[in-house]
Amino acid sequence: MIFVKDSNFFLNTENTTYAFGVNSEGMLEHLHYGGPVPVKDKEDRIADSFRAMHEKVSHGKGTTINYSKDSLTVTEDILLEVSSLGKGDLREPSVILEYADGSRTSDFIYESHEVMAEPFISKTLPNAISEKEGDCEQLKITLTEREKKVKLDIYYTVFPACDVITKKAVLRNETGDPVKILKLMSAQLDIDESGMKYTTFGGNWGREMHRCDTYVNQGIHVNNTVSGVSSNRANPFVMLTKPETTETSGEGYGFNLIYSGNHYESAGVSGFYKTRFMTGIDPTDFEWILLAGESFETPEAVMTYTDMGYRGISLNMQHFVRRHIVRGKFKNKPRPILLNSWEAAYFNISEAKLMGLAKKAAEAGIELFVMDDGWFGVRNDDRTSLGDWYVNKKKLPGGVESLASKVHALGLQFGIWVEPEMISEESNLYKAHPEYAMHVPGRENSPGRNQMILDLTNPEVVSYVKESMRAVFGTKGVDYVKWDMNRMFADVYSGVSEAGRQRETAHRYVLGLYDIMRTLTEEFPDVLFEGCASGGNRFDLGILAYMPQIWASDDSDAMERTVIQTGYSYGYPMSTVTAHVSACPNHQTLRNTPLDTRFNVASFGVLGYELNLCELSGEDFKAVKQQVATYKEWRDVFFYGDFYRVGENQWMVVSPDRKNAVTLVWNRMCNPNDFYMKLRTVGLDPETDYHVYNIQLKHNIKEFGDLVNQVAPIHIKKDSLIHNTIARFYKMDGEVEDYVVSGALLNNAGIKLTQAFGGTGYNGETRLFQDYASRLYFISAVE
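Fair warning: this is a prediction, and the values are worked out from it, not measured in the lab.

Peer 1: An account of the overall build of the protein chain is needed here, citing residue identities and associated values.
Peer 2: The helix and strand inventory of the protein chain stands at 14 helices and 40 strands. For 783 residues, the compact-globule formula gives about 28 Å, and the C-alpha radius of gyration of the protein chain, at 29 Å, lands near that figure. Its C-alpha atoms give the protein chain principal-axis dimensions of about 100 × 70 × 45 Å. Per-residue burial over the protein chain gives 60% buried out of 783 residues. Of all intrachain contacts in the protein chain linking residues separated by at least 6 positions in sequence, the fraction that spans at least 24 positions is 72%. A total accessible area of about 30,400 Å² is found for the protein chain, and carbon and sulfur atoms account for 49% of it.

Peer 1: If you had to explain unusual backbone geometry to someone new, which residues and values would you point to?
Peer 2: For the bond from cysteine 584 to proline 585, the omega torsion is 0 degrees, close enough to zero to count as cis. Considering the arrangement of structural elements, one finds proline 585 in the loop between β29 (577–582) and α11 (595–602). A positive phi angle, close to 60 degrees, is found at asparagine 450, a residue other than glycine. The residue arginine 658 is not glycine, and still its phi comes out positive at about 65 degrees. Its location among the elements puts arginine 658 in the loop between β32 (650–654) and β33 (660–666).

Peer 1: Give a detailed account of the sheet that holds strand β35 (residues 689–694), specifying residues and quantitative values.
Peer 2: Pairing is antiparallel in the open sheet, where 6 strands are placed in the order β31-β32-β33-β40-β35-β38. Looking at which strands have only one partner, the edges of the open sheet turn out to be β31 (642–645) and β38 (738–742). The average undirected angle you get between the axes of adjacent strands in this sheet is 20 degrees. Direction of pairing for β32 relative to β33: antiparallel, over a ladder of 5 bridges. Within β33, the position partnered with valine 653 by the bridge is valine 662.

Peer 1: Now, about the environment of tyrosine 509: what can you tell me, with residues and values included?
Peer 2: Counting through the fold element by element, tyrosine 509 comes out in helix α8 (residues 505–523). For tyrosine 509, a relative accessible area of 1% puts it in the buried group. Residues tyrosine 509 and valine 481, spaced 28 residues apart in sequence, show a C-alpha to C-alpha distance of 22 Å.

Peer 1: Outline the pattern of salt bridges, supporting the account with residue identities and numerical values.
Peer 2: Tallied over the entire structure, the rule returns 46 salt bridges. One salt bridge connects arginine 538 with glutamate 421, and the closest N-O pair in it is separated by 2.7 Å. Remark: glutamate 421 occurs in the loop between β23 (413–418) and β24 (422–423) and arginine 538 occurs in the loop between β27 (528–531) and α9 (541–544); sequence separation between them is 117 residues. There is no split in this pair, since arginine 538 and glutamate 421 are both buried.

Peer 1: Help me get a handle on the sheet that holds strand β1 (residues 2–5), residues and values and all.
Peer 2: The 4 strands lie next to each other as β1-β2-β3-β4, forming an open sheet whose pairing is antiparallel. Looking at strand neighbours, the two that pair on one side only are β1 and β4 (28–34), the edges of this open sheet. Averaged over all adjacent pairs, the angle separating strand axes in this sheet is 15 degrees, with direction ignored. Note that strand β3 (residues 17–22) and β4 share 6 bridges and pair antiparallel. Across the sheet, residue valine 22 finds its bridge partner in β4, namely leucine 28.

Peer 1: If you had to explain the packing of aromatic side chains to someone new, which residues and values would you point to?
Peer 2: Tallied over the full model, the rule gives 48 aromatic pairs. Aromatic side chains tryptophan 342 and tyrosine 346 sit 4.8 Å apart centroid to centroid with 70 degrees between the ring planes, which places their arrangement in the edge-to-face category. Given the relative accessible area of 31%, tyrosine 346 is considered partly exposed. With a centroid separation of 6.4 Å and an interplanar angle of 50 degrees, the aromatic rings of phenylalanine 473 and tryptophan 483 are classed as tilted. Taken together, the residues span a long stretch of sequence, with phenylalanine 473 in helix α7 (residues 459–473) and tryptophan 483 in strand β26 (residues 480–483) at a distance of 10 residues. Of the two residues examined, phenylalanine 473 and tryptophan 483, each falls in the buried class. Three or more aromatic residues joined by ring pairs make a cluster, and in this case those are Phe9, Tyr18, Phe20, Tyr33, Tyr110, Tyr156, Tyr198, Tyr253, Phe255, Phe277 and Tyr305. Here lysine 87 stacks its cationic end above the ring of tyrosine 67, 5.1 Å away from the centre of that ring.

Peer 1: Would you mind going over the side chain of lysine 183 in detail, with residue names and values included?
Peer 2: By the element assignment, lysine 183 lies in strand β10 (residues 179–191). Here lysine 183 falls in the buried class, since its relative accessible area comes to 5%. A polar atom in the side chain of lysine 183 sits 2.8 Å from the side chain of glutamate 92. Not counting the four nearest positions on each side in its chain, lysine 183 is found in contact with Glu92, Pro93, Ser94, Val95, Ile96, Tyr264, Met278 and Pro283.

Peer 1: I'd love a proper account of the nonpolar core, names of residues and values included.
Peer 2: Within the largest apolar cluster, 175 residues are counted, with the highest numbers of intra-cluster contacts made by Leu11, Leu152, Met371, Trp375, Phe473 and Tyr609. Counting residues in each nonpolar core, the second largest holds 20 residues, with Leu315, Val646, Leu684 and Tyr690 among its members.

Peer 1: Describe the environment of arginine 635, and please don't skip the residues or the numbers.
Peer 2: Here arginine 635 is to be found in helix α12 (residues 618–640). Residues in contact with arginine 635, not counting those within four places in the same chain, are Pro334, Arg335, Pro336, Ile337 and Glu367.

Peer 1: Describe the packing of helix α10 (residues 558–569) against α11, and please don't skip the residues or the numbers.
Peer 2: Interhelical geometry of α10 versus α11 gives an angle of 15 degrees and a closest axis separation of 9 Å. Put simply, α10 runs roughly parallel to α11. The handedness of the crossing between α10 and α11 comes out as left-handed. Listed contacts from α11 to Ala558, Met559, Arg561, Thr562 and Gln565 of α10 are Thr597, Arg598 and Val601. Broken down by class, the residue content of the contact of α10 with α11 amounts to 3 nonpolar, 3 polar and 2 charged.

Peer 1: Go over the pairing of strand β40 (residues 774–781), please, and point to the residues and values.
Peer 2: Taking burial as the measure, the 8 residues of β40 include 7 buried ones, the bulk of the element. In terms of strand pairing, β33 meets β40 through 7 bridges, oriented antiparallel. By the bridge assignment for β40, leucine 664 is matched with leucine 776. Taken together, the 5 bridges between β35 and β40 define a ladder with antiparallel strand orientation. Along β40, the bridge assignment pairs histidine 691 with serine 780.

Peer 1: Can you lay out the packing of α7 against α8 for me, pointing to particular residues and giving the numbers?
Peer 2: When two helices pack together, you describe them by how their axes are tilted relative to each other and by the distance separating the axes. The interhelical angle for the contact between α7 and α8, taken along N-to-C directions, is 30 degrees, at an axis separation of 10 Å. It follows from the interaxial angle that α7 and α8 lie roughly parallel. Relative to α8, the crossing made by α7 is right-handed. Each of Val462, Val465, Lys466, Met469, Arg470 and Phe473 in α7 lies in contact with α8, whose residues at this interface are Gly512, Asp515, Ile516, Thr519, Leu520 and Glu523. Split by residue class, the contact of α7 with α8 holds 6 nonpolar, 2 polar and 4 charged.

Peer 1: Can you lay out α7 for me, pointing to particular residues and giving the numbers?
Peer 2: In this model, α7 (15 residues) spans 21 Å end to end at C-alpha, consistent with the 21 Å of a helix rising 1.5 Å per residue. Within α7, burial applies to Val461, Val462, Val465, Lys466, Ser468, Met469, Val472 and Phe473. Those residues of α7 hidden inside the fold are in contact with β23, β26, α8 and β27. For α7, the N-terminal cap is asparagine 458; the gap from its side-chain oxygen to the backbone nitrogen of glutamate 460 is 2.9 Å.

What counts, and at which threshold
- Residues numbered from 1 in each chain as written.
- Predicted model: local features only at pLDDT ≥ 70, side-chain atom pairs only at ≥ 80, totals over all residues.
- Heavy atoms only, no water.
- Helix = DSSP H or I, 4+ residues; strand = E, 2+ residues; numbered from the N terminus.
- Rg over C-alpha atoms; globule rule 2.2 N^0.38 Å.
- Buried < 20%, exposed > 50% of the residue type's maximum accessible area, 1.4 Å probe, protein only.
- Contact = heavy atoms within 4.5 Å.
- Areas by Shrake-Rupley, 256 points an atom, 1.4 Å probe, with all protein chains shown as cover.
- Pairing = 2+ DSSP bridges.
- Axes fitted to C-alpha atoms, helices over the stretch in contact; angles between N-to-C directions.
- Salt bridge = Lys/Arg side-chain N within 4 Å of Asp/Glu carboxyl O.
- Phe/Tyr/Trp six-rings, centres within 6.5 Å; stacked < 30°, edge-to-face > 60°.
- Lys NZ or Arg CZ within 6 Å of the ring centre and 35° of its normal.
- Polar contact = N/O pair within 3.5 Å; in protein donor to acceptor, adjacent residues only side chain to side chain.
- Core = buried A, V, L, I, M, F, W, Y, C linked by side-chain atoms within 4.5 Å.
- Parallel < 35°, antiparallel > 145°, perpendicular 65-115°, else oblique.
- Left-handed = near helix turned anticlockwise from the far one by under 90°.
- Nonpolar A, V, L, I, M, F, W, Y, C, P; charged D, E, K, R; others polar.
- Expected span 1.5 Å × (residues − 1).

Read these as geometric descriptors, not functional statements.
Below, the structure is given as structure tokens:
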């Protein structure tokens, strides 16, 4: 995996090589990150390989600055592993330090290296982990500042099977004076070309992970957040690809950061047409005073390269997150189907109402019932009680344990909602400890969702959160916890840090959060934890290192979810993305979508329901029972399978052994007089025969409006009693697709589906594919 020769380093995965070496000035020169570059065993071939890849300099370059008097090296034009202020590199630096004398020039040069079979594991930050012995290898490079006694350790960890390399930095202060860290990135990648496509994923509450492409020809393009969380505005996962890269072909890089706070990803092009990418903690409001003898560790950055287009990046990231980020009991365990009480009851809960929902959930075959917000303190709206984690006996006279016992008696697991990081001004906790709330002294607090953030830089507050949550999670019968976080940071201030160290607050908060999460998830290993932050406001690898699934968005509208879940699929496995079937009109968009479409879209994530089952019609409840049964039958495929984007409106998931698959097609808006559709697949074994089929739908005649009069023997008034009576007892058969064909046919030729409805007639061989319609097609190998 790692080859070292004459201060040149080759980091090899199954399909990539990352190479760098020490140049004549002692700097780490980046040589290559791309397709595999095998190193020959012969000494002369090895030497020639290194010589061929190092940049050549024979004379000065215009008005640029040379590295030193006796050097022709122009640091502005060389590919580097680490960059800093000073020494002539005018591009964006990855390291900015301020020394005791006020200077900010740094010059880090190679000192030593060490190859390790097992990765160094941080005590304060989450890391990628080894899944089994020998599946990764780590290289530690130690750089020393040429004039100051400061060391910079760069850790590269190679995960060959996933084609992923991670990178992080540790700065050690061995001077006798404090060193001020103004910027310290986790990873930098210099690329010797420009005009690349920079893909980011952002949006806002209710519309997370919308893809945005920018061509980087000049200047610096930034994806960042100062919201205190990884943010729905700018997810830390980004891609950098060749302009011609498509879904299935072309070169590209994917990057992510194992971190849940303010992050920064930039892609910039120099005056010499070379691209520099970097990722790490956002430096906007960051500063860290590193005292003598102390060290500072960055979050771990994740990098992958492929020549197989966006699909290659996605598959590499899916495999990496599953194997090396998610951990614990539920890592490889399919998750239960849940019913969440939120949109059925909001804050207006009672034991009777909850048990009514739970009984219907059990009848439907659902496996987990979750009591959401409103069960504690005097929590009747979002203005009160956060921090007061004791049960509201008016709503739950027997307490949480009694409710959990009754839910268990129905054959269901029981789950509970908490928001441990928050405090309400109207709470007993705030009355007793106003200093627990993060606020700037002398300034009015800027609330978000009528609540404030607990100051997790304060060890006393961290202890309070641990103890209060132990009491909740330790309640007999709690099987699942939804951990929410419903606001962003505004007035960032630590009540326990001195004035000169306030810019450390945002990062210290994240460290406090990780301490809490690490402690509680280790103490309650049998509890399934789900992360949430107003939906996808903190969907990142840092949270996934503690919680195996995250609520992707508060928006459960099926059409918006096709966009949101497609966005997540570029960098995350769908086994980490939770998705719910909710009521219509949808509570976020007021859009009406068919119940089968809501299920079809949600089934590609970790499935749940969030609607009032007690108020469903008999027909809809029967449909939900069938959906639950179908999902259980195919759950292993959805959970373990590789996810593919197939065209603009099609997803597909294929089991690891390629024997089973499910594909979804949907229609956003109906196109008139458009009858034709062909179903093509990816990832199937071309030599295997497969049974392909759909579940036949039964259509309500009311979907046709007064067109029914074209075939009815008598005139039927729309929405009349007779119209409603016919609709109740008579359903129109939908189309049937049923074939046994080869994987080669499915992958290469496809199935031409039945004709769509276009206003010219309808029978049982017509595909009714109106606005927001969708179809699932199930695919099984024929033995």
